Amino acid sequence: GERAEFSRTFTETDVAQFVGITWDVNPYHTDDEFCKTHRVGKRIVPGLLVGSMLTHIGGLAAVLASHIAFEFIAPVFIGDTITATCAVVGADATRGWARIEMTCVNQDGELVARGETRGYPMRWKDRLTGE
């Protein structure tokens with residue numbers, strides 16, 4: 001039942017850096033003229049960059065992921081502000097795993113992505129002592 005929320009506005013620089021690091025040179029992310037002639041109309045933020053919001057929140061809990069999945073529902077455009085909400089929806093104290101679900105909505109409240117991770121949260125003692 002624990003929840004966390006994180007918002008960010010995706011910028012031109014975010015997209016350029018992501019494309020540079022990943023080599024995701026898809027014209028939907030890099031070519032304004034191409035996008036004008038297709039249904040999206042303008043460049044979109046790479047889906048995995050949006051999905052990385054799950055790793056930001058999951059990283060706060062230091063989850064060693066055994067599974068991560070995303071579903072991209074609507075395009076995210078440069079300049080959109082996305083709010084990711086993550087919730088722990090399952091846990092097994094005996095085995096030490098947790099399942100976290102994420103939803104992402106834009107500034108208009110439209111669902112743009114959702115994701116899920118399952119993994120093993122690190123205990124605070126482990127983070128502090130390295131044990």
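What you are looking at is a predicted structure, and each value in this text was computed from that prediction instead of being measured.

### Description of the confidence of the model for the protein
- When pLDDT is averaged across the protein, the result is 85; 84% of the residues are at 70 or more.
- When mean pLDDT is taken per element in the protein, helix H1 (residues 12-22) scores highest with 95 and helix H5 (residues 124-129) scores lowest with 45.
- Taken together, the stretch residues 124-129 has pLDDT below 50 and engages in 8 contacts with residues farther than four places along the chain or on a different chain.

### Focus: the nonpolar core
- Judged by nonpolar contacts, the single largest core of 19 residues is most densely connected at Phe10 and Cys104.
- Looking at this core, the elements that each hand over two or more residues are H1, helix H4 (47-60), strand E3 (81-92), strand E4 (97-105) and strand E5 (111-121).
- Sort the elements by how many residues they give to this core and H4 lands first, with 4 residues.
- Excluding residues that lie within four positions of it along the chain, cysteine 104 makes contacts with Val50, Ile82, Thr83, Ala84, Glu110, Leu111, Val112 and Ala113.

### As for the packing of aromatic side chains
- According to the stated counting rule, one finds 2 aromatic pairs in the structure shown.
- Taking 5.0 Å as the distance between ring centres and 80° as the angle between the ring planes, the aromatic pair formed by tyrosine 28 and phenylalanine 34 counts as edge-to-face.
- Measuring from ring centre to ring centre gives 5.9 Å for phenylalanine 70 and phenylalanine 72, while their planes differ by 25°; the resulting arrangement is stacked.
- Under the relative-accessibility criterion, phenylalanine 70 is labelled partly exposed at 27%.

Definitions and cut-offs
Residues numbered from 1 in each chain as written. Predicted model: local features only at pLDDT ≥ 70, side-chain atom pairs only at ≥ 80, totals over all residues. Heavy atoms only, no water. pLDDT = per-residue confidence, 0-100. Helix = DSSP H or I, 4+ residues; strand = E, 2+ residues; numbered from the N terminus. Contact = heavy atoms within 4.5 Å. Core = buried A, V, L, I, M, F, W, Y, C linked by side-chain atoms within 4.5 Å. Buried < 20%, exposed > 50% of the residue type's maximum accessible area, 1.4 Å probe, protein only. Phe/Tyr/Trp six-rings, centres within 6.5 Å; stacked < 30°, edge-to-face > 60°.

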